[in-house]
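Topology and contacts: notes
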Amino acid sequence: MAMTTDDEIMSRAVDAFQDRAEQESAEWPAVASGVRDRVRRSSLVSRSVRAHVADLSGTTTFTQVDTLVVSDRVVVDALRRGLSGIPEAAAETLSLVLDGRDCVGVRVELVAGYGTDLRVLGDRVRTLVEATLTDTLGIVVPVDVTVVDVVVGDPSR
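The sections below set out a description of the structure shown in this document. By convention here, each chain's residues receive numbers from 1 onward along its written sequence. At least 70 in pLDDT is required for a residue's local features to be given in this predicted model, at least 80 for side-chain atom pairs to be given and counted, and no such filter applies to totals for whole chains, interfaces and linings, which use all residues. As a rule here, side-chain values come from all non-hydrogen atoms in the structure, and water together with hydrogens is ignored.

1. Remarks on the sheet that holds strand 6 (residues 102-113)
- What makes two strands pair is DSSP finding at least two bridges between them. Numbering goes from the N terminus for both helices and strands, where a helix is a DSSP run of H or I of at least four residues and a strand is a run of E of at least two. Within the open sheet, the 3 strands sit side by side as 5-6-7. Their pairing is mixed. Each edge of the open sheet carries a strand with a single partner, namely strand 5 (89-99) and strand 7 (143-151). When the angles between neighbouring strand axes are averaged without regard to direction, this sheet yields 15°.
- The pairing of strand 5 with strand 6 spans 10 bridges and is classified as antiparallel. Residue pairing across strands places Val97 opposite Gly105, the latter belonging to strand 6.
- Note on definitions: a residue-residue contact is assigned when non-hydrogen atoms from the two residues lie within 4.5 Å. Lines fitted to C-alpha atoms define the axes, with helix axes restricted to the stretch in contact, and inter-axis angles between N-to-C directions lie between 0 and 180 degrees. Those strands touched by helix 3 (residues 72-83) are strand 5 and strand 6, and its axis lies near 150° from that of strand 5.
- Those strands touched by helix 4 (residues 118-137) are strand 5, strand 6 and strand 7, and its axis lies near 145° from that of strand 6.

Shown next, in the form of structure tokens:
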């Protein structure tokens, strides 16, 4: 059985959607091209992040027998899901700051809705990120929250 490459899989998926989309929209070629370009530019490589495991006494330990490594994609996805519950903002960029395998910080760039109190929003986002990191990695690290845009209407669009 021949191996299927990622490009072949992508082409099949695009072809399957294209049949229906061409019936609905003459803009499909531009949309398909944009999707292909974004997928090809995206990095599929994942970085490993060390989770801090608490022993039964409740203290955090770092011995080799209790090391747990989590994909940075899992952590960023958990952060993105948590932030999706804040309707007055949308995460433009979420990134972990790593020192080797240890997460030493998080950067969050937000688009905020016009009229939102940005200080309150920043505090709310920081608290949510800290809680998510505690749940996923067992740590609290500095969280840098930056508002990169303010829009009228839904910031997630």
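There's plenty left to go through after this.
2. Here we look at helix 3
- Expected helix span is computed as 1.5 Å times (number of residues minus one). Its 12 residues give helix 3 an end-to-end C-alpha distance of 16 Å, which sits within 8% of 16 Å, the value for a rise of 1.5 Å per residue.
- Think of it in three bands: residues with accessible area under 20% of the maximum for their type are buried, residues over 50% are exposed, and the middle band is partly exposed, with areas taken using a 1.4 Å probe on protein chains only. Listed in full, the buried residues belonging to helix 3 are Asp72, Val75, Val76, Ala78, Leu79 and Leu83. Buried residues of helix 3 fall within an arc of 155° about the axis and therefore sit on the same side.
- Where helix 3 is buried, its residues contact strand 1 (48-51), strand 4 (68-71), strand 5, strand 6 and helix 4.
- The N-capping residue of helix 3, defined by a side-chain oxygen 3.1 Å from the backbone nitrogen of Arg73, is Ser71. Arc definition: it is the arc formed by the directions from the helix axis to the C-beta atoms. Think of a polar contact as two N or O atoms within 3.5 Å of one another; within protein, one of them needs to be a possible hydrogen donor and the other a possible acceptor, and neighboring residues in sequence only count if both atoms come from side chains.

3. Re the nonpolar core
- Nonpolar cores were defined as sets of buried Ala, Val, Leu, Ile, Met, Phe, Trp, Tyr and Cys residues, with membership established by side-chain atoms within 4.5 Å. In terms of nonpolar packing, the biggest core is built from 25 residues, with Leu96, Cys103, Val106, Val108, Val125, Val129 and Leu137 touching the most fellow members.
- Every element with two or more residues in this core is listed here: strand 1, helix 3, strand 5, strand 6, helix 4 and strand 7.
- Setting aside residues up to four positions removed in sequence, Leu137 forms contacts with Val49, Arg50, Ala51, His52, Val70, Val75 and Cys103.

4. Observations concerning the pattern of salt bridges
- Within this document, salt bridges are pairs made up of a side-chain nitrogen of Lys or Arg and a carboxyl oxygen of Asp or Glu, the two lying within 4 Å of each other. This model, assessed by the stated rule, comprises 6 salt bridges.
- A salt bridge links Asp123 to Arg126; the nearest nitrogen and oxygen atoms lie 3.3 Å apart. Highlighted residues: Asp123 and Arg126, both in helix 4, separated by 3 residues, approximately one helical turn.
- The partly exposed category is assigned to Arg126, whose relative accessible area is 27%.

5. Digging into a negative patch on the surface
- A cluster of acidic side chains, namely Glu92, Glu109, Asp144 and Asp149, defines a negative patch on the protein surface.
- Topologically, Glu92 is positioned in strand 5. Patch membership requires more than 30% relative accessible area and the absence of a salt bridge. Residues of like charge join within 9 Å; the nonpolar side chains Val, Leu, Ile, Met, Phe, Trp and Tyr join within 5 Å. Methods summary: accessible areas were calculated by the Shrake-Rupley approach with a probe of 1.4 Å, and residue burial reflects only the protein chains presented. We score Asp and Glu as negative and Lys and Arg as positive, and we do not count His or the chain ends. For the purpose of locating charges, the reference atoms are NZ of Lys, CZ of Arg, CG of Asp and CD of Glu.

6. What about the pairing of strand 6?
- Pairing between strand 6 and strand 7: 8 bridges, direction parallel. In the sheet register, Glu109 faces strand 7, and the bridge partner there is Thr146.

7. What about the environment of Leu83?
- Mapped onto the elements of the fold, Leu83 is located in helix 3.
- Setting aside anything within four residues of it in sequence, one finds Leu83 in contact with Ala89, Ala91, Leu94, Val108, Val125, Leu128 and Val129.

8. Focus on the packing of helix 3 against helix 4
- Orientation of helix 3 relative to helix 4, taken along the N-to-C sense of each, is 140°, at an axis distance of 10 Å. What the angle tells us is that helix 3 and helix 4 run oblique. With respect to the hand of their crossing, helix 3 and helix 4 are arranged in right-handed fashion. Judged by residue contacts, Val75, Ala78, Leu79, Gly82 and Leu83 of helix 3 engage Val125, Leu128, Val129, Thr132, Leu133, Thr136 and Leu137 from helix 4.
- Gly falls in the polar group here, along with every residue not listed as nonpolar (Ala, Val, Leu, Ile, Met, Phe, Trp, Tyr, Cys, Pro) or charged (Asp, Glu, Lys, Arg). The residue inventory of the contact of helix 3 with helix 4, partitioned by class, reads 9 nonpolar, 3 polar and no charged. Here the word oblique covers every angle except those under 35 degrees (roughly parallel), over 145 (roughly antiparallel) and from 65 to 115 (roughly perpendicular). Should the near helix be turned anticlockwise from the far one by less than a right angle, the crossing is left-handed, and should it be turned clockwise, the crossing is right-handed.

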